[in-house]
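This is what each chain is made of:
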Amino acid sequence: MRVHVVDSHTGGEPTRLVIRGGPPLGAGSVSRQLSAFRAQHDRFRSGIVNEPRGADAIVGGLLCPPASAECQLGVIFFNNVGYLGMCGHGTIGLCATLAQLGQLPLGDVNIETPVGVVSAHLHSLTEVTVKNVASYRHRKDVTVDVPGYGTVTGDIAWGGNWFFFVKGDSPIPLHLRYLDDLTSLTWRIRQALKNTGITGADTAAHGSEIDHIELFGPPESPQAHRRNFVLCPGKSYDRSPCGTGTSAKMACLYADGLLKPGQTFVQESICGSLFHGHVEVFDNRVIPFIRGSAFITAESDLNFNPDDPFCWGIPA
């Protein structure tokens, strides 16, 4: 079996878009198709993004037909350990990839995801603004005891995935040379939240586990307001500033009166890449907008040989 994929990066974070060869997921909403993907074809997810073909940082995107009449595309994002409700950098990568392949015109497009409809505006073949799902802070100033580090306080927020935002500046400098220490701290925070039963809102649409942990510090770029480090679900760090994380962060800033509708907020990743964002408020719902750029890095066919003992990847 061969699967045609196109790789890109958004602010340094890789996306692998499945163009042809994906599994049949049946009809219905993208959320329903995700359920079929998870239940019947999870080995396909692993084979696309895990070693020996992939790596921990790769986020996969599977194109699928939308059920919503307002949408032109449907997509399911996944990573080395599971599935994502939404992916901001991945949506930018999806749109830029299809535009650069000549399959998507510049302008506006609506995309159905498992957590709702998002829209995007393609400014050019590489520059995209994503209008995300409504984002909000679920709980403020939540305290958890983290073994080896002591008491940590942060906010729990939704931006298409669940986040825990550690308050104040990171006790560890936000530089790649401290990657192991940053990963250890954020992983222990995630485990502490899980072990003490601290979760996001438990709803049918929004899974309750907090699987993204974020630290903040002063920026290095003169354009940016904050620099971040984001631990993703599979223990890899986000090379980009994180689209859903920036969405959730802006919702918290808005709730605290620190960000006005239309006011620009620039988030800098640990790699130095930037997302420009702002929020608008409609019917008391905070709607984030994230702007970034993506570039194709490779186009290839992945071969799946049933005689290969690692045909479906090495599980993370």
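Here is a short report on the structure shown in this document. (Residues numbered from 1 in each chain as written. Predicted model: local features only at pLDDT ≥ 70, side-chain atom pairs only at ≥ 80, totals over all residues. Heavy atoms only, no water.)

Examining unusual backbone geometry
The bulk of non-glycine residues show a negative phi, and the bulk of peptide bonds are trans.
For step 1, the next point in the chain: Following E51, the chain continues to P52 via a peptide bond in cis, the omega torsion being 10°.
For step 2, the next point in the chain: Position of P52 among the secondary structure elements: in the loop between helix 2 (42-49) and strand 3 (59-64).
For step 3, the next point in the chain: For D141, which is not glycine, the phi torsion reads 55° and is therefore positive.
For step 4, the next point in the chain: Here D141 is to be found in strand 9 (residues 136-146).
For step 5, the next point in the chain: The exposure class assigned to D141 is partly exposed, which follows from its relative accessible area of 42%.
For step 6, the next point in the chain: Of note in the backbone geometry, C242 takes a positive phi value of approximately 75° without being a glycine.
For step 7, the next point in the chain: For C242, the location among the structural elements is in the loop between strand 13 (226-231) and helix 5 (243-255). (Helix = DSSP H or I, 4+ residues; strand = E, 2+ residues; numbered from the N terminus. Buried < 20%, exposed > 50% of the residue type's maximum accessible area, 1.4 Å probe, protein only.)

Considerations on the environment of E70
For step 1, the next point in the chain: Structurally, E70 can be placed in the loop between strand 3 and strand 4 (73-78).
For step 2, the next point in the chain: Separated by 94 residues in sequence, E70 and F164 have C-alpha atoms that sit 32 Å apart.

Side note on the pairing of strand 2 (residues 13-20)
For step 1, the next point in the chain: Within strand 2, six of the eight residues are buried, which leaves the element mostly enclosed by the surrounding structure.
For step 2, the next point in the chain: Bridging between strand 1 (residues 2-10) and strand 2 involves seven bridges; their strand directions are antiparallel. Following the sheet pairing, T10 is matched in strand 2 by E13.
For step 3, the next point in the chain: Once strand 1 ends, the chain turns through two residues before running back antiparallel as strand 2, passing G11 with a positive phi of about 60°.
For step 4, the next point in the chain: Sheet analysis places strand 2 next to strand 3, joined by four bridges and oriented parallel. Each residue of the ladder has a partner; that of L17, found in strand 3, is G61. (Pairing = 2+ DSSP bridges.)

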